[in-house]
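# Breakdown of the fold
Here is what each chain is made of, one letter per residue.
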Amino acid sequence: MRYLVTVAGLLLVVSLGQAQRVYPMIMAVRPVAVQVGKTSTCQFESRYNLHGTYRVIVSGTGVVGEVDPPSAMKAGAKGDVTRLAVRFKTAANALPGMRDVRLITPQGASTLGQIVVVRDPIIVEKPNNNAMKTAQSITLPAAVCGALETLEDVDFFKFKVAAGQALTFHMYCHRLADRIHDLQVIADPILILRDGSGTILASNDNYYAADPLLHYKFARAGEYYLEVRDVRFAGNANWTYCIEINDRPFVTSTLPLCIKTGATTRLRLAGFNLPASEAEITLPADEPDGIRRYVLPLGKDQTSNPVPLIVSKLPEVREAPGDNDTSAKAQPITIPAGISGCMDAADDVDCYAFSAKKGETFTFDVIAQRAGSRLDSVVRILGPKGEKLAENDDHQERRSGYSGFNLTADSRIEGWAAPADGRYVIQIRDVHQRGGPEFGYYLQVTRSQPTFVMDLDTDKTNLAPGTRGVIHVRITRKDGFTGEVQLGIEGLPEGVKATCGRILAGSTDGCIILHAASDSKRTAANVRVLGNSTQPGSDGKAVALSVEARPLQEFYNPGGGRNHFPVQMHTVAINDPLDLLDVKISPTALTLKPGESKKVEVEVKRQPDFKGNLTIDLIYQHLDFNYNNSLPPGVTIDARASQTLLTGGNSKGWIVLKAASDAKPIDRQQVAVMVHASINFAIKFTYSSEPLLVTVEK
Amino acid sequence: MIPPCRGFFSPSHTGWFALFALLAFSWPLDAANFQVSPPAVQLDGNFARLQLIVTSKDDKGGISERSADLTAKASYRTANSTIVTVNKSGQLLAAGNGNTTVTVGVAGSEVSIPVEVKGLRARPVVGFLDQVLPILSRAGCNAGACHAAQYGQGSFKLSVFSSESGNDHYAIVQAAMGRRIAPLDPAGSLLLQKASSAVVHGGGKRLDGPGYSPDRTVDFRILEAWIGNGAPGPLPSATRVTELEVWPARRIGSVGQTQQLRVTAHYSDGKTRDVTTWAKFDSTDDGVVRVGPDGVVQTVGKGLGAVMVRFEGHALLSRFIVPYSESIALTGWVDHNFVDHLARAQFEQLGIVPSPLCDDSTFLRRAYLDAIGTLPGVEQTTAFLASTDPNKRNKLIDRLLGLTGDPAQDVHLNEFAAYWSLKWSDLVKSNSNNLGEQGMWAMHNWLKDSIRKNKPIDRMVRELITARGNPYDNGPANYYVAFRGSEAAAEATAQVFLGMRVMCAKCHHHPFERISRSDFQGLSDFFRQVASKPSAGYGKLGGPSVILIRNEDTLQQYPKTILGMPIPARLKGGKIDRRELLADWLTAPENKALARNIVNRYVGYLLGRGLIEPLDDLRATNAPSNPELLDALAEDFIKSGYDLRRLMRTIMTSRLYQLSSQPTASNAGDRTFYSHYLVKRIAAEPLLDAIDTVTGSPTRFRKLPLGTRAIDLPDARYDNYLLTVFGKPLREGVCECERATDPNLAQALHTLNSETITAKIADPRGRLAGLLAAKKSDAEIIETLYLATLSRRPTATELATLGKLRDSTPDRKVFFEDLVWSLVNSKHFLFVR
């Protein structure tokens with residue numbers, strides 16, 4: 001017995017030791033849905049260890065989760081826990097749709113997983129449903145949850161309908177798989193309806209990007225079959241899906257797309273099984289601006305699915321009835337304005353006229369696909385003779401190759417300056433000349449105000465007591481903003497302190513270095529990162545500018561490329577001790593003159609059993625792509641003179657910084673000396689030193 | 001489009017010609033039993049020529065399509081050779097201004113015709129476009145094998161078929177420091193010295209020079225005169241050929257007859273000119289007619305033949321019908337529909353007696369394989385053969401085509417959609433190499449859905465032509481992924497939807513059609529707005545380029561013609577997307593081109609041969625075997641709203657479709673007029689499915705679940721030897737010819753020796769194993785296997801033979817495996833008959 005205890009203790013030590021080089025990564029949730037008003041348990045599957053998970057964070061409100069029960073989490077072979085049951089309590093009024101879920105483990109905060117909040121009972125796919133003759137019987141309405149597990153997997157479900165019944169099949173699959181951190185191949189599902197003889201009645205491949213939406217009215221009562229598969233017959237164990245099947249109203253889009261606060265807005269509806277063509281919604285006066293999903297009351301105790309709508313306090317302009325198709329017939333507006341319009345029919349073009357004085361700058365932002373419209377907008381500014389002065393088709397906020405940012409085809413023209421006093425026309429159209437009630441738009445026309453947007457790379461910072469981590473911040477300057485941005489952070493967990501850097505004028509990158517106290521306890525919290533600056537106002541006085549950063553979750557493309565998509569939370573977690581206990585640098589402040597080079601000594605304190613290779617860097621990069629470089633302009637790393645690879649148990653290295661001969665003076669710019677421990681080819685765990693303050697003198 | 005050939009005396013001729021046309025019907029020739037055409041001649045200008053044609057009169061003094069040509073037998077005599085000369089072929093040549101007569105004699109009778117010659121000048125005026133280039137074309141100088149080769153010959157390069165007259169003029173007159181012509185000594189010009197072989201010429205002698213009779217040196221003298229005039233170049237004001245006419249346009253005769261052709265060119269200034277001497281003649285079927293360089297046609301075999309006549313970018317046909325028999329009786333022939341009516345008319349004209357109707361078993365198998373690419377099941381076969389319903393064939397066709405109106409009966413829609421998607425996927429190059437995996441699937445699913453829903457073909461064509469959007473979302477948008485660039489799209493559109501091969505016009509004038517480079521560019525222009533941009537929203541899946549159009553600010557207008565074809569007056573331009581205009585034109589009921597193309601293809605698919613072959617080579621010089629039938633089917637197809645299933649029903653319910661494939665003594669030589677059903681090898685995918693069905697052993701395909709049929713395969717490339725050897729196309733082109741249809745030795749060797757097929761036959765979960773395990777009797781198993789493979793029961797003879805074989809084969813399993821192997825390798829299994 002004593003021998004067994006000893007062995008068990010050894011296993012635990014070994015498992016904990018190995019658990020330090022982990023990156024808790026949620027790969028799948030089964031079933032992937034939870035029902036409103038119910039408590040349900042989902043199995044989380046992960047890559048790397050979820051052992052000891054002690055907290056579940058769910059985005060939005062109305063859904064809370066906890067490990068189910070904690071005692072059920074048993075260490076498997078080598079102490080790894082890669083399957084974990086989580087019990088979710090979902091409020092009756094929880095907003096249906098996708099939610100992000102993060103698990104907090106002693107090894108760190110996990111990547112984000114997804115669950116789908118649904119209204120109908122959840123039916124879980126049973127084995128052996130790969131053919132019509134072995135189709136799984138389901139009773140509707142339901143949310144069917146399963147997975148396209150393997151190559152050539154096809155799932156069949158059979159159900160009964162009454163004559164004349166019209167059902168909507170709304171599938172989440174691509175949208176779920178697309179947000180898995182390290183999934184190299186992504187699902188492209190298709191839904192196919194068949195009658196009893198197998199004859200195909202209808203199908204849909206793509207509606208919400210690669211996810212299908214299918215609506216079908218059954219002329220005859222009887223038993224029918226739903227076939228679910230990847231369109232290519234591809235498969236992956238992590239391609240979970242949820243198909244909402246019901247005959248309730250389903251709104252695909254509204255007109256207008258924008259609703260006002262403190263008043264009732266009447267909306268025209270497009271969609272399926274709608275009891276009425278219109279609905280009304282009233283928002284409180286203090287509802288903040290933004291794009292959010294709302295459930296619309298449809299009468300007779302019916303409500304819609306959550307519909308994306310724009311809340312805006314801009315002065316409202318509705319597209320006027322009649323012809324505004326040409327520059328000459330453009331509808332006059334005054335700026336600022338929030339224009340609600342629609343491409344009523346194919347080949348429709350909408351024009352709005354405004355007056356401007358030479359040098360005045362404006363921003364034109366079309367919100368359409370972001371709010372559920374099918375419009376692929378093109379916006380143009382036309383001059384007095386109808387000549388094209390500016391044009392944008394698809395606006396990309398960051399031209400960085402981040403495909404994750406290319407979320408919609410909405411268009412935007414920023415900082416357009418009127419070349420002369422006169423009348424100008426905004427022209428908007430669908431790039432494919434389509435039209436109809438699902439082609440609405442909301443066009444925000446404002447005077448350009450210098451500002452910026454700010455992104456965090458990545459979505460979480462894992463710390464151990466006594467160690468430091470770094471939050472990389474990058475801004476995208478807009479409408480002529482050139483100023484310096486001071487970074488700030490709110491909501492840090494207890495025991496964590498932050499040293500906030502700045503983004504220099506004309507630069508894009510800065511960093512915040514977090515330090516967990518050596519006596520800090522396991523904990524986690526979502527933080528807000530703010531960028532503060534000032535900007536000269538119209539009266540010449542400084543106007544404060546404060547922008548909240550948007551966290552980005554990293555993911556890895558096939559081949560190892562690194563990419564991002566926006567998420568709703570950045571979590572700072574304090575974990576158990578990690579591979580490194582500390583990163584020391586000397587000096588902590590460095591002053592360079594133009595043309596001068598200086599060395600920064602770096603020493604890491606390893607866990608006794610950790611002999612892994614480490615790399616030292618001052619620039620956050622992967623495969624030659626730069627994700628953050630907080631160094632002052634003109635200061636670079638002299639790679640030949642630096643020792644950045646620490647092999648085996650080596651703990652000392654150095655980086656040589658060099659100031660260019662034309663480097664401009666900068667005072668005490670904060671940078672992080674990073675030490676990366678590779679987890680695999682693409683993923684690395686990053687530690688930070690205490691802040692390094694780099695000064696460039698004349 | 002060139003209108004059907006008219007008689008020589010066309011109302012469009014200019015004044016004097018019209019006068020002569022009138023005279024043709026009133027001229028008191030004489031009592032001779034032949035007629036000379038034209039009855040009066042006017043030759044205008046130096047080197048003017050005219051071909052007389054002498055035709056035998058019938059008993060009533062008239063001439064018809066069956067009248068014999070006496071041109072070669074007649075004698076010719078000019079009354080004044082200083083005004084006109086005539087050679088022994090009846091060809092006149094202007095010699096001097098004035099009036100005279102030419103006398104034509106046949107078997108002792110003579111007819112004199114008046115001849116007026118005018119416009120001859122001492123210093124002839126020779127046009128580069130209308131006289132010089134035709135001579136070079138006729139002599140073959142600007143053929144691809146000679147000076148129109150990529151680098152020309154001997155540094156002298158001409159454009160193909162004179163498609164670039166300006167460059168040609170430069171090459172002759174200015175290139176090589178002008179050494180090719182000598183204006184001060186025109187006859188000594190290198191151009192003429194070489195062409196007449198006075199000096200060494202790699203291409204041999206192309207023209208007769210000095211020393212030959214004036215009749216033979218006309219071309220030499222024309223070129224000499226042109227050089228002597230300073231070799232003027234093409235003038236923008238020069239007249240151009242607007243239309244070509246051949247006489248006779250159609251002849252009915254017997255083997256061994258000859259016919260002199262006469263070719264008349266109509267010019268843009270309204271004048272006409274006999275260009276028989278400069279036209280090029282080619283037989284479209286050497287087994288029926290042969291033609292000499294002077295336009296003398298000889299019938300050498302029975303059937304339908306034609307002579308293609310080409311001159312200056314224009315081409316047309318003179319058709320020759322040589323009946324198999326002078327009179328026939330179509331006993332028992334009953335028209336099922338208009339297809340049969342028009343087929344019968346042709347059988348009667350050609351003297352062919354068609355085969356009788358095929359038996360029910362043959363029809364059942366044929367209809368299943370042709371309509372849905374699938375063998376009938378044993379139960380379906382048994383039920384059909386047992387049915388005594390006189391209308392059972394039509395009912396079966398409706399069930400196969402999904403036209404019963406009853407979902408419970410329309411149970412073959414999946415197979416129907418799969419099989420015909422296969423055909424259309426071939427045509428639009430739907431393969432993952434071109435389109436990417438998702439794009440290929442999107443196109444495949446769109447095709448299947450369209451065919452399953454019986455989307456009218458004009459709508460499908462419009463959706464493809466005007467496709468835009470994300471190719472993952474919108475299948476047709478992959479058309480512009482498969483055919484990137486305006487020229488590729490133009491080429492594909494012409495071939496797939498018009499059945500016209502226009503790719504040669506990218507570089508030079510079409511050799512057999514009046515399609516110029518500018519026509520091709522005009523078609524390409526419809527696609528020049530097509531552009532692309534990155535897609536949004538697909539995240540890690542990686543979106544494809546979105547297809548869109550640019551320059552959408554300008555309302556687009558029609559050109560004057562499209563590929564030389566007119567734009568119906570009711571079609572107006574003024575659309576944003578120029579492709580919309582093309583789609584409007586393509587699908588306009590007035591424009592028969594789309595309907596003719598589709599009808600011809602489906603006739604080919606169902607009857608084994610198109611009314612025009614190759615199926616995708618429709619042009620004025622490739623005549624249909626039954627023009628009336630093609631027109632009627634096209635008209636009916638348009639009236640039906642471009643309904644493919646109804647087109648198939650029309651063809652399949654016809655008696656013509658249901659004829660036996662067994663030829664009769666009367667029609668054994670015919671493979672053109674559908675007098676018997678043309679046996680077809682089963683295409684690769686249906687054949688593999690048939691083997692799988694018969695053996696009960698499905699084939700596994702890459703990235704598709706077990707049980708997926710070969711006709712359901714969405715992609716082009718699969719690692720399956722049977723599909724490869726039986727000609728599944730790789731979809732790298734739009735030509736129907738990419739799908740090999742001919743049987744070959746490799747196919748036979750494969751079905752005979754394939755271990756895969758042997759394993760399927762012996763599959764322990766297969767059909768045979770099931771029958772044996774079910775303890776079925778020998779007779780039951782034999783009958784089942786016959787029904788499954790050949791859709792019929794074994795004959796008494798076969799049963800007797802099998803009984804003996806069974807008795808001599810101790811192992812029952814081995815016997816039946818051998819039987820299945822024999823059946824699968826039989827012609828009756830491998831072919832649709």
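Below is a short write-up of the structure. (Residues numbered from 1 in each chain as written. Chains lettered and ligands numbered in written order. Predicted model: local features only at pLDDT ≥ 70, side-chain atom pairs only at ≥ 80, totals over all residues. Heavy atoms only, no water.)

### What to know about the overall build of chain B
Rules: Numbering of helices and strands runs from the N terminus; a helix is a DSSP stretch of H or I covering at least four residues, while a strand is a stretch of E covering at least two. As a reference, a globule follows 2.2 Å times the number of residues to the power 0.38, and the radius of gyration itself is taken over C-alpha atoms. For every residue, the accessible area (1.4 Å probe, protein chains only) is compared with the maximum for its type, and the residue is labelled buried under 20%, exposed over 50%, or partly exposed between those bounds. Residue contacts are defined here by distance: any two heavy atoms, one from each residue, within 4.5 Å place the two residues in contact. Using a 1.4 Å probe, accessible areas were evaluated by the Shrake-Rupley method; residue-level cover was limited to the displayed protein chains. Under the convention used here, Asp and Glu are negative, Lys and Arg are positive, and both His and the chain ends fall outside the count. Just so you know, the charge point we use is NZ for Lys, CZ for Arg, CG for Asp and CD for Glu.
Scanning chain B from terminus to terminus reveals 29 helices and 25 strands. Over its C-alpha atoms chain B spans a radius of gyration of 31 Å, differing by no more than 12% from the 28 Å that the globule rule assigns to 833 residues. Over its C-alpha atoms, taken along the principal directions, chain B stretches across nearly 100 × 70 × 55 Å. For chain B, the residues scored as buried account for 56% of the 833 residues in total. Summarising the internal contacts of chain B: among those between residues at least 6 apart in sequence, 61% fall at separations of at least 24. Summed over all atoms, the accessible surface of chain B reaches about 32900 Å², with 53% contributed by carbon and sulfur. Across chain B, the 96 positively charged side chains and the 84 negatively charged ones have centroids separated by 2 Å.

### Describing the interface of chain B and chain A
Many descriptions give the size of an interface as the accessible area lost when the pieces come together. Filter applied, for reference: A 1.4 Å probe defines the accessible area here, and the buried area is the portion of it lost by two parts on being joined, summed over both. By convention in these notes, a salt bridge is any Lys or Arg side-chain nitrogen within 4 Å of a carboxyl oxygen on Asp or Glu. Under the grouping applied here, Gly and all other residues not named as nonpolar or charged are polar, the nonpolar ones being Ala, Val, Leu, Ile, Met, Phe, Trp, Tyr, Cys and Pro and the charged ones Asp, Glu, Lys and Arg.
Listed per partner, the contact involves 38 residues of chain B and 45 residues of chain A. Summed over both sides, the interface of chain B with chain A buries roughly 3300 Å², with 49% coming from carbon and sulfur. Per-residue buried area on chain B facing chain A is highest for Lys 533, Lys 540 and Lys 703 of chain B; these three make up 21% of the total on that side. The interface formed by chain B and chain A contains seven salt bridges. One salt bridge connects Arg 380 of chain A with Asp 553 of chain B, and the closest N-O pair in it is separated by 2.8 Å. Of all the elements, helix 12 (residues 432-452) of chain B adds the most residues to the side of chain B that touches chain A, at five residues. The class makeup of the residues in the side of chain B that touches chain A is 18 nonpolar, seven polar and 13 charged.

### With respect to the sheet that holds strand 21 (residues 258-259) of chain A
Sheet strands pair by backbone hydrogen bonding; their relative direction is either parallel or antiparallel. Residue and element names in this part refer to chain A. How we decide: Two strands qualify as a pair provided that DSSP identifies no fewer than 2 bridges between them.
Spatial strand order, 21-25-24: three strands in an open sheet with mixed pairing. Of all the strands in the sheet, just strand 21 and strand 24 (290-299) have a single pairing partner and so form its edges. For strand 21 and strand 25 (residues 302-311), the ladder comprises two bridges, and the chain directions are parallel. Within strand 25, the residue paired with Cys 258 across the bridge is Ile 310.

### Some words on empty space enclosed by the protein
Under the convention used in this document: Cavities and pockets were defined on a 1 Å grid built over protein atoms only: a cavity is a set of grid points that admits a 1.4 Å probe from which the probe cannot escape, a pocket is an open set flanked by protein on both sides within 12 Å along at least five of seven lines, and lining residues are those with an atom within 4 Å of any such point. Grid points are joined across faces, edges and corners, and a volume is the space filled by probe spheres set on the points.
Counted according to the given criterion, the structure contains 11 cavities of 30 Å³ or more. In this model, the largest cavity occupies a volume close to 260 Å³. Lining of the largest cavity is provided by 16 residues; of these, Thr 458, Lys 460, Thr 461, Tyr 620 and Thr 686 of chain A occupy positions nearest its centre. Elements with a minimum of two residues in the lining of the largest cavity: strand 37 (460-463), strand 38 (468-478) and strand 59 (684-688) of chain A. Looking at which element gives the most residues to the lining of the largest cavity, the answer is strand 38 of chain A, with four residues. In the lining of the largest cavity, the residues fall into five nonpolar, seven polar and four charged. For the second largest cavity, the calculated volume is near 210 Å³. For the second largest cavity, the lining is made up of 17 residues, of which Ser 137, Phe 161, Arg 310, Glu 312 and Gly 313 of chain B are closest to its centre. Per-class residue counts for the lining of the second largest cavity are six nonpolar, seven polar and four charged.

### Here's the deal with the state of the cysteines
Residue and element names in this part refer to chain B. The condition that has to hold: In this description, the term disulfide denotes a pair of cysteine sulfurs within 2.5 Å.
Across all of its chains, the model carries one disulfide over all chains by this definition. Covalently, Cys 735 is tied to Cys 737 through a disulfide, its sulfur atoms 2.1 Å apart. Taking the torsion about the sulfur-sulfur bond, which here is approximately 130°, the covalent link between Cys 735 and Cys 737 counts as right-handed. By relative accessible area, which is 18% here, Cys 735 ends up buried.

### Digging into the packing of aromatic side chains
All names here are of chain A. Condition: For Phe, Tyr and Trp, where Trp contributes only its six-membered ring, two rings pair if their centres lie within 6.5 Å, and the inter-plane angle classes them as stacked under 30 degrees, edge-to-face over 60, or tilted in between. Lysine and arginine charges are scored as sitting over a ring when NZ or CZ, respectively, is within 6 Å of the ring centre and within 35 degrees of the ring normal.
Under the definition given, this model contains 38 aromatic pairs over all chains. Centre to centre, the rings of Phe 44 and Phe 88 are 6.0 Å apart; their planes meet at 35°, and the pair counts as tilted. Remark: Phe 88 occurs in strand 6 (residues 83-90) and Phe 44 occurs in strand 3 (residues 39-47); sequence separation between them is 44 residues. Phe 88 gets classed as buried once you look at its relative accessible area, which sits at 0%. What links up through ring pairs into an aromatic cluster is the set Phe 159, Phe 169, Tyr 216, Phe 218 and Tyr 224. In this arrangement the basic side chain of Arg 374 is found over the ring face of Tyr 207, its NZ or CZ atom lying 3.9 Å from the centre. Positioned above the aromatic ring of Trp 654, the side-chain terminus of Lys 599 is 4.5 Å from the ring centre.

### Some points on helix 12 of chain B
All names here are of chain B. To keep it simple, the criterion reads: One fewer than the residue count of a helix, multiplied by 1.5 Å, yields its expected span. A residue's bend is given by the angle between axes fitted to the 7 residues ending at it and the 7 residues starting at it.
Relative to the 30 Å expected for 21 residues at 1.5 Å per residue, helix 12 spans just 22 Å between its end C-alpha atoms, considerably shorter than the ideal helical length. The largest bend along helix 12 measures about 85° and falls at Gln 438. Buried residues dominate helix 12, accounting for 16 of its 21 residues. Asn 454 sits one or two residues past helix 12 and shows a positive phi near 55°.

### Let's talk about the nonpolar core
The condition that has to hold: Only buried Ala, Val, Leu, Ile, Met, Phe, Trp, Tyr and Cys residues count toward a nonpolar core, and they belong to the same one when joined by side-chain atoms within 4.5 Å.
If you look at the biggest cluster of nonpolar residues, it comprises 162 residues, and the most contacted ones within it are Trp 424, Phe 497, Leu 563, Trp 585, Leu 656 and Phe 829 of chain B. Considering each element in turn, this core owes the most residues, 10 residues, to helix 18 (residues 593-607) of chain B. Beyond its immediate chain neighbours, meaning those up to four positions away, Trp 585 of chain B contacts Leu 498, Tyr 558, Ile 562, Met 565, Pro 566, Ile 567, Pro 568, Leu 571 and Asn 591 of chain B. Grouped together as the second largest cluster of nonpolar side chains are 72 residues, Ala 464, Ile 585, Val 600 and Phe 610 of chain A included.

### Considerations on the packing of helix 13 (residues 457-465) of chain B against helix 17 (residues 578-586) of chain B
All names here are of chain B. Stated formally: Axes here refer to lines fitted to C-alpha atoms; in helices the fit is confined to the stretch in contact. Angles between the N-to-C directions go from 0 to 180 degrees. By definition in this entry, angles of less than 35 degrees are roughly parallel, angles greater than 145 are roughly antiparallel, angles of 65 to 115 are roughly perpendicular, and the rest are oblique. Left-handed describes a crossing whose near helix is turned anticlockwise from the far helix by less than a right angle; the clockwise case is right-handed.
Interaxial distance between helix 13 and helix 17 falls to 9 Å at its minimum, and their mutual angle equals 160°. The orientation of helix 13 relative to helix 17 falls into the category roughly antiparallel. Viewed along their axes, helix 13 and helix 17 form a crossing whose handedness is right-handed. Residue-level contacts link Val 461, Arg 462 and Ile 465 of helix 13 to Arg 579, Glu 580, Leu 582, Ala 583, Asp 584 and Leu 586 of helix 17. The residue makeup of the contact of helix 13 with helix 17, split by class, is five nonpolar, no polar and four charged.

### Quick notes on the side chain of Lys 260 of chain A
Residue and element names in this part refer to chain A. In plain terms, the rule: Polar contacts here mean pairs of N or O atoms no more than 3.5 Å apart (in protein, one a potential hydrogen donor and the other a potential acceptor; neighbouring residues in sequence count only if both atoms are side-chain atoms).
On the secondary structure map, Lys 260 appears in the loop between strand 21 and strand 22 (264-272). Here Ser 312 takes part through its backbone oxygen, which lies 2.7 Å from a polar atom of the side chain of Lys 260. Reaching out from Lys 260, the side chain makes a polar contact with the backbone oxygen of Leu 314 at a distance of 2.8 Å. In contact with Lys 260, not counting residues within four places along its chain, are Thr 265, Leu 283, Ser 312, Lys 313, Leu 314 and Glu 316.

### Some details on the pairing of strand 21 (residues 545-549) of chain B
In the case of a regular strand, side chains alternate between the two sheet surfaces. All names here are of chain B. For strand 21, a buried count of four out of five residues is recorded, marking the element as mostly surrounded by other parts of the structure. The sheet contact formed by strand 20 (residues 530-534) and strand 21 spans five bridges and is antiparallel. Bridging from a neighbouring strand, Val 530 pairs with Ile 549 of strand 21.

### Quick look at the sheet that holds strand 18 (residues 303-311) of chain B
All names here are of chain B. Here we have four strands laid out as an open sheet, ordered 11-19-18-15, and mixed in their pairing. Here the strands that pair on one side only, and so sit at the sheet edges, are strand 11 (250-252) and strand 15 (280-283). Adjacent strand axes in the sheet meet at a mean angle of 20° when their direction is disregarded. Bridging between strand 11 and strand 19 (residues 314-322) involves three bridges; their strand directions are parallel. By the bridge assignment, Ile 252 is partnered in strand 19 with Ile 321.

### Regarding the environment of Arg 266 of chain A
Residue and element names in this part refer to chain A. Mapped onto the fold, Arg 266 is located in strand 22. Each C-alpha atom of the pair Arg 266 and Val 124 lies 39 Å from the other, and the pair is 142 residues apart in sequence. With sequence-adjacent residues up to four places away left out, Arg 266 is seen in contact with Leu 255, Pro 256, Glu 278, Ala 279 and Glu 280. Here Glu 278 takes part through its side chain, which lies 2.7 Å from a polar atom of the side chain of Arg 266. There is a polar contact of 2.6 Å between the side chain of Arg 266 and the side chain of Glu 280.

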